[in-house]
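An overview of the molecular structure
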Amino acid sequence: MSKPLAELLRPQNLEDYLGQSHLVGENAVLRKSIESGSIPSMILWGPPGVGKTTLAHLISQKLESMFFTLSAISSGVKDVRAVIEQAKAYQGEAILFIDEIHRFSKSQQDSLLGAVERGIFTLIGATTENPSFEVISPLLSRCQVYILKDLVKEDLLLLAEKARTYMESKSNKKISILEHLALLRISGGDARKLLNAVELVVNSHKGDLLEITDKLVLNTIQQNLALYDKAGEMHYDVISAFIKSIRGSDPNAAVYYLARMIEGGEDPKFIARRMVILASEDIGNANPNALLLATEAFSAVTMIGMPESRIILSQVATYLACSAKSNAAYLAIGKAQDMVRKTGDLPVPLHLRNAPTKLMKQIGYGNQYKYAHDFDGNFAFQEFLPEKISGTIIYDPGNNSRENEQRQRLKMLWRNKYNY
């Protein structure tokens, strides 16, 4: 087979497209736009291997539009201008798909604005990065952002069966998949990874009968790691190992994976941004300086660039790895959001409500509110939560020196109310 299995099994219509039912399922928002024959310019944001490129192709086929494609890795302003000139001939019936649009510079993204505004083409950009950070505001405001999700287990099992059937018909082998766990773990929700793994296992096996087991999959992938990674799938494994090494307080492993990314040409802002997130999610109030340092590192990396930025990244990565860890703030917002979803918009206690009018004051808005600074220690014992969830602990400080101090202070202030 000359083409990779992932390309050979690319869906040819929306009915065969796996996953993303919230976008392209029956009566879904994007499906309705496609069926109406009119779609907005859009950014498809999601992890690798979930069908962003495939969806762009299917939209083009459904609308019978001329399809132009550019890769932000290898294309520049000159290429964009060339596409604009070609697209003019199709009088608005053209789609420009830009893969990894987050890698376009500001000037490259600027070059798209006029054509998008005038409707010369409909832009479809694909990105694995948050477009709020990576796409310039004028372009983002002209696009609808659609979020694609990881494929679920059922989708991946269907895909594995399609791969098995196809490979069996082309290889003259009798193929059966006895175990799926290793394939699912290797894929990580990425269809391309799953198909690459099946293809590699089948092509590596000699003989007419092949029974795919977890052990066989793992052994084959490990023996052919370089081949398996030829399309760059390891990229996301390395950033995952980097983050988990910092979370696990191992500066040696952290700086090793940092070096892997630097030597591989990774965008230093991508690395710095991940560390900003980690500083809050995994360190939080155990060491508040971690977030400050990580944020400053992102600014410094943005100003300086490579190769000098590697020193800044190394300093911050090792600092974060050596910091005390706490995910209390991360857990707190998750718990709070879950509570809001379950309890809805509970009424705010009257004494906490704003009272800008005389009537509001007369009916009790703001009455009995205690201004903390009028009391000893700048604290007044009063109720702040809605009555239905009064006394609920949402923020539970971690077990480290800084947060233990917080816990003791909260215990002293609130006594038995929150049972800190």
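Throughout what follows, the structure given in this document is the object of discussion. (Residues numbered from 1 in each chain as written. Predicted model: local features only at pLDDT ≥ 70, side-chain atom pairs only at ≥ 80, totals over all residues. Heavy atoms only, no water.)

1. Examining the pattern of salt bridges
The tally for this structure, following the rule as stated, stands at 16 salt bridges. A salt bridge links R164 to E168; its shortest N-O distance comes to 3.3 Å. In this pair, R164 and E168 both sit in helix α9 (residues 153–171), four residues apart, roughly one turn of the helix. Under the relative-accessibility criterion, R164 is labelled buried at 14%. (Salt bridge = Lys/Arg side-chain N within 4 Å of Asp/Glu carboxyl O. Helix = DSSP H or I, 4+ residues; strand = E, 2+ residues; numbered from the N terminus. Buried < 20%, exposed > 50% of the residue type's maximum accessible area, 1.4 Å probe, protein only.)

2. Details of the packing of aromatic side chains
Two numbers describe a pair of aromatic rings. These are the distance of the centres and the angle of the planes. The full count for this structure, using the stated rule, is eight aromatic pairs. Seen in terms of ring centroids, F68 and Y90 are 6.1 Å apart; in terms of plane orientation they differ by 70°. Their pairing is edge-to-face. In this pair, F68 is assigned in strand β2 (residues 66–71) and Y90 in the loop between α5 (77–87) and β3 (94–99), connecting sequence segments 22 residues apart. In this structure F68 comes out as buried when scored by relative accessible area, which is 8%. The interplanar angle of 50° and the centroid separation of 6.1 Å between the aromatic rings of Y418 and Y420 together place this pair among those described as tilted. Cluster of aromatic residues (ring-pair linked, three or more members): F379, F381, F384, W414, Y418 and Y420. In this structure, K417 is placed above the aromatic ring of Y418, and the distance from its NZ or CZ to the ring centre is 5.6 Å. (Phe/Tyr/Trp six-rings, centres within 6.5 Å; stacked < 30°, edge-to-face > 60°. Lys NZ or Arg CZ within 6 Å of the ring centre and 35° of its normal.)

3. Observations regarding the environment of L183
Following the sequence through the fold, L183 ends up in helix α10 (residues 181–187). Judged by its relative accessible area of 2%, L183 falls in the buried class. Expressed as a C-alpha distance, the spacing of L183 and A197, which sit 14 residues apart in the sequence, is 7.0 Å. Not counting residues within four places of it along the chain, the set of residues in contact with L183 comprises I177, L194, A197, V198 and V217. (Contact = heavy atoms within 4.5 Å.)

4. Remarks on the sheet that holds β2
The pairing of strands in a sheet happens through backbone hydrogen bonds and is either parallel or antiparallel. In spatial order, the strands read β2-β3-β4-β1-β5; together these five strands make up an open sheet with parallel pairing. Strands with a single pairing partner mark the edges of an open sheet, and in this sheet they are β2 and β5 (144–147). Ignoring which end each strand starts from, the neighbouring axes of this sheet average 20° apart. As paired strands, strand β1 (residues 42–45) and strand β4 (residues 122–127) are joined by four bridges and run parallel to one another. Its bridge partner being in β4, M42 is matched across the sheet by I124. Sitting on the sheet, α5 touches β2 and β3, and the angle it makes with β2 is about 175°. (Pairing = 2+ DSSP bridges. Axes fitted to C-alpha atoms, helices over the stretch in contact; angles between N-to-C directions.)

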